[in-house]
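Residue-level listing of the chains:
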Amino acid sequence: AVLTHKAAQQMLVRAHFTDGHTEDVTRWTRFTSNNTTVAEIDRSGRLTVTGHGESAIVAAYLSKNVVASISVPFANTVAEGTFGKAPRNSFIDDLVLEKLEGLRLPPSPRSGDAEFLRRASLDALGVLPSVVQVRAFLDDESPDKRSRLIDRLLSRPEYVDYWTHKWSDLLLVNGARLKPPAVKSYSAWIRGHVQSGTPWDVFARKLVTARGSTHSSGAANFFVLHRDPLDMAETVSMAFLGMSIQCAKCHDHPLEKWTNDDYYGMANLFARVRAKIAPEGGDGNQSIFTVTSGELVQPRTGKPQPPRPLDGEAIAFDGTGDRRDHLADWLISPGNPYFTRAIVNRVWANFFSVGLVEKVDDLRLTNPPSNEKLLARLAMFLVKNKYDLKSLVRLIMNSETYQRTSRPLEGNQSDTRFYSRYYPRRLKAEVLLDAMSAATGQPTAFKGFPGGTRALQLPDSNIASRFLSTFGRPERVITCECERSDEPSMVQVLHIVNGDTLNNKLQAKTNRLTPLLRTGPDYRIIETAYLAALSRYPTDRELTEVLKVFAETKPAEKRQLIEDLFWGIISSREFLFNH
């Protein structure tokens, strides 16, 4: 429903019973609004509009939940033809602009080349473009240079590093819980599939049906990390369906349709997974296998539930095959809406800061997407392209929606969900540390790893780094995006302002500053600093003011001045954020 600001509306709920009769149950319904800044609703179902945007009104009666979407257009005067004339490159742009037009949110214009280059490199690879790459891209005047850049980015080895690290977060590659050979095997298994472009449905099937030695079959470590059938069911649901079923462990889920029976039916699919010491031996080497008997008892009933995927068909108790094969068939079926939507949402959130469903681990009926049409079309696209994630990434990056500037217009400053502009975000811990290394030309040393190893190449979240821990690196204990934190803190400020990490990089005699001091004219030093850290040339004003300081500085103090210049740029918000 489309309502106006400060409007009021009485909501009614009618229940349709199995005996055929229908009844008004409004008085017994529990109402909630998932965005009270847009709309509030009282116990009687009286809705009051409080702001602009969209809100989902949830009505809960007995064990059922239904959702009504409320849209309140913003009080903007948008010039005629704004949406019709906006550039479009795919259905992404069509559907985003359709939503923006309905909400009267004007889209920001296209980003500049420097802004796009830095953004695309960080979002797809987690690395800054080099000075040479920045100069070449900014000098390129061909109209298709952005699409060619995207193709180059997706073919680089750093793409494999970045997405290996991302899926290692999701699948909890962690040396605190696995022996070193197992960590190496598990990480190598993920990397191998990212590198070979394994379709996501094949990847998921191989993981949930893994068996064999944890040293030679890396995916088998998933079941070492999750020995309890309940943990296995919850983690598979979170990782591949984007939903938490944990609430149904003790009772029916209060916010979703999943019942306690559904939960234990799903968990019973894993009841016959076993682990033992691997015959070939080795440090902590285990063998994952399945047996042909054994059931998980449901505490509420004292009996096992028939093994059944959440929305799938049950299988017989006396079946002797690996129950996980039945789960995998259901999980990756194109008819399973949760699987495809979950991975589309995760990939989308990587490039836009917020998912179409936010949070990305909270896909449920009562938390609808900000653009249902777009999520559905993206899911269809991925199925059509046989779950090739790189094709999805390419589609997203080539869209005009992704290429909009992060600078807001007067009418879209408050938009945080509908993609009228790119939303700036602080670089995540590993990317930030690698960016500091790249900007200064001084790699970070990690104990036990070769020189030049980047933070995004580390296979294990348990590798000591005070910087990474301070800036929110996840511990990889639970499968949830909430483990990674981007919350600011005073300790982070101190790390940037006066911490050893940045200061040591700036003071090192092997960094990029040393050759600049010997060979570069002043304007070239300044130019290089901006290109290396911000992927852009300094503005005329910046160059003029910094050159003035260089002219006033004694030769003996020039090294310190260059260090201060780099420190000033790297400690800036422009550097610390992707935008």
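As a reminder, the structure under discussion sits directly above these lines.
Conventions adopted
Residues numbered from 1 in each chain as written. Predicted model: local features only at pLDDT ≥ 70, side-chain atom pairs only at ≥ 80, totals over all residues. Heavy atoms only, no water. Pairing = 2+ DSSP bridges. Helix = DSSP H or I, 4+ residues; strand = E, 2+ residues; numbered from the N terminus. Axes fitted to C-alpha atoms, helices over the stretch in contact; angles between N-to-C directions. Salt bridge = Lys/Arg side-chain N within 4 Å of Asp/Glu carboxyl O. Buried < 20%, exposed > 50% of the residue type's maximum accessible area, 1.4 Å probe, protein only. Phe/Tyr/Trp six-rings, centres within 6.5 Å; stacked < 30°, edge-to-face > 60°. Lys NZ or Arg CZ within 6 Å of the ring centre and 35° of its normal.

K.L.:
So what about the sheet that holds strand 5 (residues 39-41)? Which residues, and what values?
P.N.:
Reading across from one edge, 1-6-5 is the order of the 3 strands in this open sheet, with antiparallel pairing throughout. Because the sheet does not close on itself, it has two edges, and the strands there are strand 1 (8-10) and strand 5. Each neighbouring strand pair of the sheet contributes to a mean axis angle of 20 degrees, computed without reference to strand direction. Pairing analysis gives 3 bridges linking strand 5 to strand 6 (residues 46-49), with the strands arranged antiparallel. Looking across to strand 6, one finds that alanine 39 is bridged to valine 49.

K.L.:
Describe the pattern of salt bridges, naming the residues involved and giving the relevant values.
P.N.:
Tallying each qualifying case throughout the model produces 39 salt bridges. Of the charged contacts, one joins aspartate 161 and arginine 454 as a salt bridge, the two residues approaching to 2.5 Å between their closest N and O atoms. Here aspartate 161, found in helix 5 (residues 157-171), pairs with arginine 454, found in the loop between helix 15 (429-440) and helix 16 (466-470); they are 293 residues apart in sequence, far enough to count as distant. With relative accessibility at 6%, the residue aspartate 161 sits in the buried group. What makes arginine 454 buried here is its relative accessible area of 18%. Put simply, arginine 484 and glutamate 430 hold a salt bridge, and the shortest N to O gap is 2.8 Å. Highlighted residues: arginine 484 in the loop between helix 16 and helix 17 (490-498) and glutamate 430 in helix 15, separated in sequence by 54 residues. Just as arginine 484 is buried, glutamate 430 falls in that class too. Within this structure, Asp161, Arg191, Asp434 and Arg454 form a network of salt bridges that share partners.

K.L.:
How would you sum up the packing of aromatic side chains? Please name residues and give values.
P.N.:
Here a ring pair, both rings aromatic, is described through the centre-centre distance and the interplanar angle of the planes. Evaluated as defined, the whole model comprises 24 aromatic pairs. Considering the side-chain rings of phenylalanine 240 and phenylalanine 339, the 6.5 Å spacing of their centres and the 35 degrees angle between planes classify their relative orientation as tilted. With phenylalanine 240 in helix 9 (residues 229-241) and phenylalanine 339 in helix 12 (residues 337-352), this residue pair connects regions lying 99 residues apart in the sequence. Both residues of the pair, phenylalanine 240 and phenylalanine 339, belong to the buried class. With centroids separated by 6.0 Å and ring planes inclined at 80 degrees, the aromatic side chains of tyrosine 402 and tyrosine 422 adopt a geometry described as edge-to-face. Pair noted here: tyrosine 402 is in the loop between helix 14 (389-398) and strand 14 (425-426) and tyrosine 422 is in the loop between helix 14 and strand 14, with a separation of 20 residues, a long-range link. Take tyrosine 402 and tyrosine 422: they sit in the same class, and that class is buried. We note arginine 119 situated over the ring of tyrosine 422; from NZ or CZ to the ring centre the distance is 3.9 Å. Sitting above the plane of the phenylalanine 137 ring, lysine 145 keeps its charged end 4.6 Å from the centroid.

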